[in-house]
Amino acid sequence: MQPNLQQLYGNIDIYLFDQLLKGTYAQCNTILDVGCGGGRNLVYFLKNGYQVYGVDPNPASVNTVIELSKSLAPHNPIDNFKIAAAEDLPFGDDRFDLVISSAVLHFARSPAHFDNMLRSMWRVLKPGGYFFARLASDICIENRVQALGNGRYLLPDGSERFLVNEELLLGYTQNLNGYLHEPIKTTNVQNLRCMTTWCLQKR
């Protein structure tokens, strides 16, 4: 039997999958997933010989992704996976070809915390490397969210998130000396929440 898509790619973020299909990361070798959870976005990379790293503040998640790595890529060192917060990454500067941040930045507690997390991830990215982020935004639902202070909002779905908008993302794109290799794209989930895909390359 031919392997199915689930076996090949796991429960990968569909917009990360889109970048793989486009060949955007074809020349990337070192991959860091910040807030990796159990490794749902790492199956393809582990199966295809990439140097895969992951961090998560939850020890149970790190243990889970270590077991996943052992199973799919025994050659990939288990000490590539560490318990760490996004704002305090235990890696040197200019280390990775691709940094993945899927559903992480919207847990920022304040604008300063958001800034610290983002700059920490940008710091470890090589010049020419790619940054893939999916995060909650108020794009298209500006009048449906309730401000709670410190950049955090109550969404119509009942969740509380730090929300970005297009102006903020474009400002950071310029400030970080990056550029959009894809337009900013936002998915509106029935006006209950919006998730934005932010794809940068580091100059």
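Look a little higher up for the structure.
Owing to the predicted nature of the structure, the values given are computational and were not obtained by experimental measurement.

Caption draft 1: Geometry of the nonpolar core. Leu32, Val99, Leu105, Phe114, Phe131 and Trp198 are the most contacted members of the largest nonpolar core, which has 30 residues in total. Listing elements by their share of this core, those giving two or more residues are β1 (30-34), β2 (51-56), β4 (96-102), α5 (111-123), β5 (125-137), α6 (166-175) and β11 (193-202). The next biggest cluster of nonpolar side chains, apart from the first, holds 25 residues, and it includes Leu46, Ile66, Ile100 and Cys199.

Caption draft 2: Geometry of the sheet that holds strand β6 (residues 146-149). Pairing within the open sheet is antiparallel, and its 3 strands lie in the order β6-β7-β8. Edge positions in the sheet fall to β6 and β8 (160-162), since each of these pairs with one other strand and no more. On average, each strand axis in the sheet is tilted by 35 degrees relative to the strand beside it, whichever way the strands run. Two elements, β6 and strand β7 (residues 152-154), share 3 bridges in a ladder whose sense is antiparallel. Paired with Ala147 across the strands is Tyr153, a residue of β7.

Caption draft 3: Structural context of the pattern of salt bridges. By the definition in use, this model includes 10 salt bridges. Note that Lys22 and Asp18 form a salt bridge whose closest N and O atoms lie 3.0 Å from each other. Pair noted here: Lys22 and Asp18 are both in helix α2 (residues 14-22), with a separation of 4 residues, about one helical turn. Here Arg123 and Asp93 are joined by a salt bridge, their closest N and O atoms 2.8 Å apart. Of the two residues, Arg123 is situated in helix α5 and Asp93 in the loop between β3 (81-83) and β4; the sequence distance between them amounts to 30 residues.

Caption draft 4: Quick look at the environment of Leu20. Residue placement: Leu20 occurs in helix α2. Leu20 sits in the buried class, given a relative accessible area of 15%. The contact partners of Leu20, leaving out residues within four places of it in the chain, are Tyr9, Ile12, Tyr25, Tyr44 and Phe45.

Caption draft 5: How the structure looks around the packing of α5 against α6. Between α5 and α6, the least distance of the axes is 13 Å, while the angle of their chain directions is 45 degrees. Between α5 and α6, the crossing angle belongs to the class labelled oblique. Seen from above, α5 lies across α6 with right-handed handedness. Side by side, α5 and α6 meet where Phe114, Asp115, Leu118 and Arg119 of the first sit next to Leu168, Tyr172 and Asn175 of the second. By residue class, the composition of the contact of α5 with α6 is 4 nonpolar, 1 polar and 2 charged.

Each value, and the rule that gives it
- Residues numbered from 1 in each chain as written.
- Predicted model: local features only at pLDDT ≥ 70, side-chain atom pairs only at ≥ 80, totals over all residues.
- Heavy atoms only, no water.
- Core = buried A, V, L, I, M, F, W, Y, C linked by side-chain atoms within 4.5 Å.
- Buried < 20%, exposed > 50% of the residue type's maximum accessible area, 1.4 Å probe, protein only.
- Helix = DSSP H or I, 4+ residues; strand = E, 2+ residues; numbered from the N terminus.
- Pairing = 2+ DSSP bridges.
- Axes fitted to C-alpha atoms, helices over the stretch in contact; angles between N-to-C directions.
- Salt bridge = Lys/Arg side-chain N within 4 Å of Asp/Glu carboxyl O.
- Contact = heavy atoms within 4.5 Å.
- Parallel < 35°, antiparallel > 145°, perpendicular 65-115°, else oblique.
- Left-handed = near helix turned anticlockwise from the far one by under 90°.
- Nonpolar A, V, L, I, M, F, W, Y, C, P; charged D, E, K, R; others polar.

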